[in-house]
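Coordinate analysis (summary)
Each chain, written out:
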Amino acid sequence: MQIPVYYIMGTPTSGRRGIVRDAIERGSMDGDFSIVFVSENEKPSESDSSIAKADNAGIVKYSDAADAAVKIGALDTSKITRVFYVADSTKNPADEVESFKGLCDGGKIRLARIWSVVDCSMAEKFPKETSKYLDMLAHFADCVLLSRRSGVSNKSVEELKLRWEKMRHPHLVEYVDKHFKTENPIELMIDEARRISMIFDDYDAVDELDIDAENLPDEPFSLERKPDPYLARLQSGMRENPVENPAEYAMKARKMENEK
């Protein structure tokens, strides 16, 4: 039996672990037990201790993907009903997605949804520097969670939403309050894919091409799956479309807020 897992993307201080804590507190049913994977590279959070003290949850610290794989393999499927996997915000986001895909391929867990937590204050203060990263978050997201909105203009938030609407992204968009709570955490945990990226989906190349014996293309065709645009690599091994880790801009945004 595979354990459903929620993959949480976002920058440090965006409120990812606070959102997970709220989902566990207000979105759990009787008999549910959640495990939250948090990187040892992340700074401690008040939410970590709240999760660790909960009767229906626990925290597992991991050092890297290999360590996480061992600890996921040791999970008790008779007890644990879901896993929240908080991506390491100190590492390159594309590398983290690729590593997480490997964990899912191990067979013990299966992806339920990806939550992308957007630091709206960072996005407003550093729009040019973070726009590519925000588009990447939207590309992988089933749910986009708009966090850190205090002091941010409504216009900036609406422009983010409008940008993704114009790109025809099907993901949900939810607001996160200053306590890192969403309106309905249960809705976020519905096991339904709404993301653009297909790297976690089963793939049948023949079905994708929609061909049969009487409908063969005239030109040569390939059954090889195209790589995800954010994960594709050049022959050198470098990413075709590299995305910078925006952690420094998140920390600058916090500093600017504190100086007010």
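Let me sum up the structure you'll find in this document.

**Things to note about the overall build of the protein chain**
- A count of helices and strands for the protein chain gives ten helices and seven strands.
- Rg of the C-alpha trace for the protein chain: 19 Å, near the compact-globule value of 18 Å for 260 residues, within the 12% margin.
- The dimensions of the protein chain, computed from C-alpha atoms along their principal axes, are 65 × 45 × 35 Å.
- Within the protein chain, the proportion of its 260 residues that are buried is 47%.
- Look at the contacts in the protein chain between residues 6 or more apart in sequence, and 79% of them connect residues 24 or more apart.
- Per element, the accessible surface of the protein chain, about 13,800 Å² overall, is 49% carbon and sulfur.
- Here the protein chain holds 37 positive side-chain charges and 48 negative ones, and the gap between their average locations is 8 Å.

**Looking at the layout of surface pockets**
- Roughly 450 Å³ of volume is contained in the largest pocket.
- If you go around the largest pocket, you meet 20 residues; those closest to its centre are T13, R17, K43, P44 and S45.
- Elements supplying a minimum of two residues to the lining of the largest pocket: α1 (16–27) and α2 (46–53).
- With four residues, α1 is the single largest residue contributor to the lining of the largest pocket.

**A short note on the pattern of salt bridges**
- Summed over all chains, the structure comprises 20 salt bridges.
- Across the pair R239 and E98 runs a salt bridge, and its minimum N-O distance is 3.0 Å. Note that R239 is positioned in the loop between α9 (205–209) and α10 (247–258) and E98 in helix α4 (residues 93–105), a separation of 141 residues in sequence.
- Since its relative accessible area comes to 11%, R239 is described here as buried.
- Take E98: its relative accessible area is 31%, and that puts it in the partly exposed class.
- Notably, a salt bridge pairs R195 with D201, separated by 3.5 Å at the nearest N-O pair.
- On the basis of relative accessibility, which here comes to 27%, the residue D201 falls in the partly exposed class.
- Taken together, the salt bridges that share partners define one network made up of D95, E98, R233 and R239.

**Points about the packing of aromatic side chains**
- Tallied over the entire structure, the rule returns twelve aromatic pairs.
- On the basis of an interplanar angle of 50° and a centroid distance of 5.7 Å, the ring pair of Y6 and W115 is categorised as tilted. Here the residue Y6 occupies a position in strand β1 (residues 3–10), and W115 occupies one in strand β5 (residues 109–119), the gap between them amounting to 109 residues. The burial state of Y6 is the same as that of W115; both residues are buried.
- Seen from their ring centres, F37 and Y62 are 6.4 Å apart, and the 40° between their planes marks the pair as tilted. Here F37, found in strand β2 (residues 34–39), pairs with Y62, found in strand β3 (residues 57–62); they are 25 residues apart in sequence, far enough to count as distant.
- Members of the aromatic cluster, joined through ring pairs, are Y7, F37, Y62, Y85, F100 and F200.
- In this structure, K79 is placed above the aromatic ring of F33, and the distance from its NZ or CZ to the ring centre is 4.3 Å.

**Overview of empty space enclosed by the protein**
- A complete count under the given rule lists one cavity of 30 Å³ or more for this structure.
- For the largest cavity, the calculated volume is near 110 Å³.
- What lines the largest cavity is a set of 15 residues, among which G10, D88, S89, P93 and Y133 lie closest to the centre.
- For the lining of the largest cavity, the secondary structure elements donating two or more residues are β1 and α4.
- For the lining of the largest cavity, the element with the most residues is β1, which contributes three residues.
- Its residues placed into classes, the lining of the largest cavity shows eight nonpolar, four polar and three charged.

**Here we look at the pairing of β3**
- Where β2 meets β3, six bridges bridge the pair, whose relative direction is parallel. Bridge pairing links F37 to V60 in β3.
- What joins β2 to β3 is α2, and the crossover it makes is right-handed.

Cut-offs used in this document
Residues numbered from 1 in each chain as written. Predicted model: local features only at pLDDT ≥ 70, side-chain atom pairs only at ≥ 80, totals over all residues. Heavy atoms only, no water. Helix = DSSP H or I, 4+ residues; strand = E, 2+ residues; numbered from the N terminus. Rg over C-alpha atoms; globule rule 2.2 N^0.38 Å. Buried < 20%, exposed > 50% of the residue type's maximum accessible area, 1.4 Å probe, protein only. Contact = heavy atoms within 4.5 Å. Areas by Shrake-Rupley, 256 points an atom, 1.4 Å probe, with all protein chains shown as cover. Lys, Arg positive; Asp, Glu negative; His and termini not counted. Charge placed at Lys NZ, Arg CZ, Asp CG, Glu CD. 1 Å grid on protein atoms, 1.4 Å probe; cavity = no way out; pocket = protein on both sides within 12 Å on 5 of 7 lines; lining within 4 Å. Points joined across faces, edges and corners; volume = space filled by probe spheres on them. Salt bridge = Lys/Arg side-chain N within 4 Å of Asp/Glu carboxyl O. Phe/Tyr/Trp six-rings, centres within 6.5 Å; stacked < 30°, edge-to-face > 60°. Lys NZ or Arg CZ within 6 Å of the ring centre and 35° of its normal. Nonpolar A, V, L, I, M, F, W, Y, C, P; charged D, E, K, R; others polar. Pairing = 2+ DSSP bridges. Right-handed = clockwise from strand over helix to strand, strands pointing away.

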